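# A look at the structure
Listed below are the residues making up each chain.
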Amino acid sequence: MHLELVRRRSPRRVGTRVGTRIGKRAFDLVVGTLCLLVLSPVMVLLALLVRWTSPGPALFCQTRLGQHGRPFRMYKFRTMQTDCSDAVHRQFVAQLLGEQEPGTSNCLEVYKLTRDPRVTRIGTVLRRTSLDELPQLFNVVRGEMSLVGPRPMLPWEREMIDPRHQDRFTVPAGMTGLWQVSGRSRLTFTQALDLDVEYARRCSLALDLLIVAKTVLVLLLPRGGAQ
């Protein structure tokens, strides 16, 4: 099910108004802090499981691009073996930008790289349930990310995308977003980027609340919202 209401015709607007920015930040700070308090026991348990099942730190830190392309250190639970090359992911993104159509036998999933040999056994579970994303709540509380927004992009990924998709950087990157709840693996990478831009142009607190509610449903459905 797609969030068709964001596709209503309206004047082109990129970025967010002052009132929207204040409301969005207040929502992120309050909800992000509450989530950290409530989920802290779960996060501690997951950190211990990651350390117990494979050598290396529990958290994985990586430079991503946020609003206006500003770099920041994004946190996730480590799901891969340590000291892995990113060559597999670079090849994956290059293939996605090759415009493979959804539904074909060689279609690649946009949301997650599947059958990645670098991923640990516990990492597979964390990725399937999206629990590996929980440490990003720290980024949200610190103001580096939002609960809702475009996916935090790697610096080299930005160099590969079309100039028309640069508007996605006018709003904060998010833990979840419009394309994550609008088809995921049924979308091409270009369609996902189009939805990122659509969100940037329609950004509002009401839309954020709708996407958060939809995300809860997506996480409870089989395959993480493939429907």
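Residues numbered from 1 in each chain as written. Predicted model: local features only at pLDDT ≥ 70, side-chain atom pairs only at ≥ 80, totals over all residues. Heavy atoms only, no water.

For helix H1 (residues 18-53), with 36 residues, the first-to-last C-alpha span of 46 Å runs short of the 52 Å given by 1.5 Å per residue. For H1, the principal kink sits at Leu39 and spans about 60 degrees; a proline, Pro41, occurs within the next four residues. All buried positions along H1 are accounted for by Thr20, Gly23, Lys24, Phe27, Asp28, Gly32, Leu36, Met43, Leu46, Ala47 and Val50. If you follow the buried residues of H1, they end up packed against strand S2 (71-77), helix H3 (121-129), helix H4 (136-141), strand S3 (146-148), helix H6 (189-202) and helix H7 (205-220). (Helix = DSSP H or I, 4+ residues; strand = E, 2+ residues; numbered from the N terminus. Expected span 1.5 Å × (residues − 1). Bend = angle between axes of the 7 residues up to and from the residue. Buried < 20%, exposed > 50% of the residue type's maximum accessible area, 1.4 Å probe, protein only. Contact = heavy atoms within 4.5 Å.)

A word on the pattern of salt bridges. Taken as a whole, this structure holds 10 salt bridges when the rule is applied. Between Asp167 and Arg201 there is a salt bridge, with the nearest N and O atoms lying 3.4 Å from each other. On the criterion of sequence distance, the pair formed by Asp167 in the loop between helix H5 (155-158) and strand S4 (174-176) and Arg201 in helix H6 is long-range, its members being 34 residues apart. By relative accessible area, which is 22% here, Arg201 ends up partly exposed. Measuring nitrogen to oxygen at the nearest pair gives 3.5 Å for the salt bridge that ties Glu198 to Arg202. With Glu198 and Arg202 both in helix H6 and 4 residues apart, this pair spans about one turn of that helix. By the burial criterion, Glu198 is buried, and Arg202 matches it. Salt bridges linked by common partners bring Lys76, Asp132 and Glu133 together as one network. (Salt bridge = Lys/Arg side-chain N within 4 Å of Asp/Glu carboxyl O.)

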